[in-house]
Amino acid sequence: MRQEAPEIDLPRARQLALGWLARREHSRREIYNKMLKKGCAEAIAAEVVRQLETERLLSDDRFMESLIRARRNRGYGPLRIQKELQEKGVAPEAIANWLDAASRDWIDDIRRVQRKKFGARLPRNYTERARQARFLQYRGFTYDQIQQLLDPRGQD
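Residues numbered from 1 in each chain as written. Predicted model: local features only at pLDDT ≥ 70, side-chain atom pairs only at ≥ 80, totals over all residues. Heavy atoms only, no water.

Caption draft 1: Layout of the overall build of the protein. Helices and strands together make up the secondary structure of the protein, namely 9 helices and 0 strands. Across the protein, helices and strands are ordered from the amino to the carboxyl terminus as α-α-α-α-α-α-α-α-α. Since a compact globule built from 156 residues should have a radius of gyration of about 15 Å, the 21 Å found for the protein marks it as more spread out than a globular shape. Each principal axis of the C-alpha atoms in the protein carries an extent, and together these give about 65 × 40 × 20 Å. Looking at the protein as a whole, 38% of its 156 residues are labelled buried. Considering only contacts in the protein between residues 6 or more positions apart, those separated by 24 or more positions represent 61%. Side chains of the protein give 33 positive and 23 negative charges; the mean places of these two sets differ by 9 Å. (Helix = DSSP H or I, 4+ residues; strand = E, 2+ residues; numbered from the N terminus. Rg over C-alpha atoms; globule rule 2.2 N^0.38 Å. Buried < 20%, exposed > 50% of the residue type's maximum accessible area, 1.4 Å probe, protein only. Contact = heavy atoms within 4.5 Å. Lys, Arg positive; Asp, Glu negative; His and termini not counted. Charge placed at Lys NZ, Arg CZ, Asp CG, Glu CD.)

Have a look at this one:
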């Protein structure tokens, strides 16, 4: 017979949240959901999130900045990063403020990813071009970014 864990009180919930935040940035919804999974009451979880935001220990903006930087460094494009932010519970308006898929910076990123995976030369035939385009699409780059990279006539 399994014994039920006692409900988590406010100080313990805060301690848990601070422990998670000490490891990495989290979104509001991530912290809230983690507390619920640990057995915390909804009201207590909401109060802890509110307090942490008031004290500026929890910030969706800081979380987004951290996640975007980390994913860009790993070679992911704007669409994949946007999807991950949505899954983590960040508001679409906030994502739009932080993530500009039309930025010229993404061209440098996609070029770096393509060179790392396929070398410096552009694809020589349609099959190779399609293979590279699929890979870059999987990484989360937009159709326009892929076209701009792989279409030699589109180069500056």
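Caption draft 2: Examining the side chain of glutamine 145 more closely. Of note, glutamine 145 is situated in helix α9 (residues 143-150). Note on glutamine 145: relative accessible area 4%, which makes it buried. Within the local environment of glutamine 145, its side chain forms a polar contact with the backbone nitrogen of threonine 142, the two atoms lying 2.9 Å apart. In this view, glutamine 145 contacts Pro78, Ala101, Trp106, Ile107 and Ile110; residues no more than four positions away in its chain are not counted. (Polar contact = N/O pair within 3.5 Å; in protein donor to acceptor, adjacent residues only side chain to side chain.)

Caption draft 3: Seen up close, the packing of helix α8 (residues 126-138) against α9. Interaxial distance between α8 and α9 falls to 10 Å at its minimum, and their mutual angle equals 140°. Like other packed secondary-structure pairs, α8 and α9 cross with a definite hand, here right-handed. Along the contact surface, α8 presents Arg129, Gln132, Ala133, Leu136 and Gln137, while α9 presents Ile146, Gln147, Leu149 and Leu150. Tallied by class, residues from the contact of α8 with α9 come to 5 nonpolar, 3 polar and 1 charged. (Axes fitted to C-alpha atoms, helices over the stretch in contact; angles between N-to-C directions. Left-handed = near helix turned anticlockwise from the far one by under 90°. Nonpolar A, V, L, I, M, F, W, Y, C, P; charged D, E, K, R; others polar.)

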